[in-house]
Amino acid sequence: MPLLPTLSTVFIVLSAVLVAIGWALIIKDRRRAHKKVMIAAAISALTFFIIYLSRTIFVGNTSFGGPDDIKIYYTIFLIFHIFLATVGAVFGIVTLSLAYKRKIAKHRKLGPVTSVIWFCTAITGVAVYLLLYIIYDGGTTTSMIKAILGT
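Residues numbered from 1 in each chain as written. Predicted model: local features only at pLDDT ≥ 70, side-chain atom pairs only at ≥ 80, totals over all residues. Heavy atoms only, no water.

Let us look at the UniProt feature "transmembrane region" (unreviewed entry) in the protein chain. The UniProt feature table records "transmembrane region" (unreviewed entry) at residues 6-27, 39-60, 72-100 and 112-136. Here residues 39-60 is 95% helix and 0% strand, with 29 Å between the C-alpha atoms at its ends. Structurally, residues 72-100 is divided into 100% helix and 0% strand, and its ends, taken at the C-alpha atoms, are 42 Å apart. (UniProt positions renumbered as here; feature names shortened; annotations may be inferred. Helix = DSSP H or I, 4+ residues; strand = E, 2+ residues; numbered from the N terminus.)

Given below as structure tokens:
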């Protein structure tokens, strides 16, 4: 198991678990606890992103190493995951901003949608991790810096 992909996957799963806990807390009207847990979820998601971005820039992305006949399905699934993660991140930032600005009515409407998108993002992210590193051996890895510099 490669360290950085495993670590980043742990943080994305942790963020989803914390979002679920935060959701349960707000249902129980425990606003302070909800706020703390959701901030922790955001920090966990940000930690994931920092690890992922650093790895992508300095180490690189790993290509799919599984059978060629399912590579197209993996690629479609990966594109779906990337789209979902991007939408989830934007929704997350907007939802957090609404809470910070005390626009609670809008935050309440958007929060559940954001949470569901984030749960799906975490699940598909784990699936990508499993397909790249656990179920199949990862393919080649090339860093962005090496690709840009041609070294």
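Moving on, we get to a nonpolar patch on the surface. Among the surface-exposed residues, Leu 3, Leu 4, Leu 7, Phe 58, Val 59 and Ile 145 lie close enough to one another that they form a single nonpolar patch of about 540 Å² accessible area. Elements that contribute at least two residues to the nonpolar patch include exactly helix 1 (3-27) and helix 2 (31-59). Tracing the backbone shows Phe 58 in helix 2. Given a relative accessible area of 58%, Phe 58 falls into the exposed group. (Patch = residues over 30% accessible without salt bridge, like charges linked within 9 Å, V, L, I, M, F, W, Y side chains within 5 Å. Areas by Shrake-Rupley, 256 points an atom, 1.4 Å probe, with all protein chains shown as cover. Salt bridge = Lys/Arg side-chain N within 4 Å of Asp/Glu carboxyl O. Buried < 20%, exposed > 50% of the residue type's maximum accessible area, 1.4 Å probe, protein only.)

Attention now moves to a positive patch on the surface. Together, Arg 32, Lys 35, Lys 36 and Arg 102 make up a positively charged patch on the protein surface. As for its placement among the helices and strands, Arg 102 is situated in the loop between helix 3 (68-100) and helix 4 (104-135). A residue is classified by how much of its surface remains accessible, and Arg 102, at 64% relative accessible area, is exposed. (Lys, Arg positive; Asp, Glu negative; His and termini not counted. Charge placed at Lys NZ, Arg CZ, Asp CG, Glu CD.)

What follows covers helix 2. Because an α-helix packs 3.6 residues into every turn, residues spaced three or four apart end up facing the same way. Given a rise of 1.5 Å per residue, 29 residues ought to cover 42 Å, and the 41 Å separating the end C-alpha atoms of helix 2 matches this to within 8%. What helix 2 keeps buried is the set His 34, Val 37, Ala 41, Ser 44, Ala 45, Ile 51, Arg 55 and Thr 56. Two residues or fewer past helix 2, Gly 60 is found with a positive phi of approximately 120°. (Expected span 1.5 Å × (residues − 1).)

Tallied over the entire structure, the rule returns one salt bridge. With a shortest N-O distance of 3.0 Å, Asp 29 and Arg 31 are connected by a salt bridge.

Applying the stated criterion to the full structure yields five aromatic pairs. An angle of 20° between the planes, with centres 5.8 Å apart, marks the rings of Phe 48 and Tyr 52 as stacked. In this pair, Phe 48 and Tyr 52 both sit in helix 2, four residues apart, roughly one turn of the helix. Its relative accessible area of 37% is what places Tyr 52 among the partly exposed residues. Where Phe 64 meets Tyr 74, the ring centres are 4.5 Å apart and the plane angle is 15°; that geometry is what we call stacked. Separated by 10 residues along the polypeptide, Phe 64 in the loop between strand 1 (61-62) and helix 3 and Tyr 74 in helix 3 bring together distant segments of the chain. For the pair Phe 64 and Tyr 74, one class covers both residues: buried. Grouping aromatic residues by their ring pairs yields a cluster made of Phe 64, Tyr 74 and Tyr 136. (Phe/Tyr/Trp six-rings, centres within 6.5 Å; stacked < 30°, edge-to-face > 60°.)

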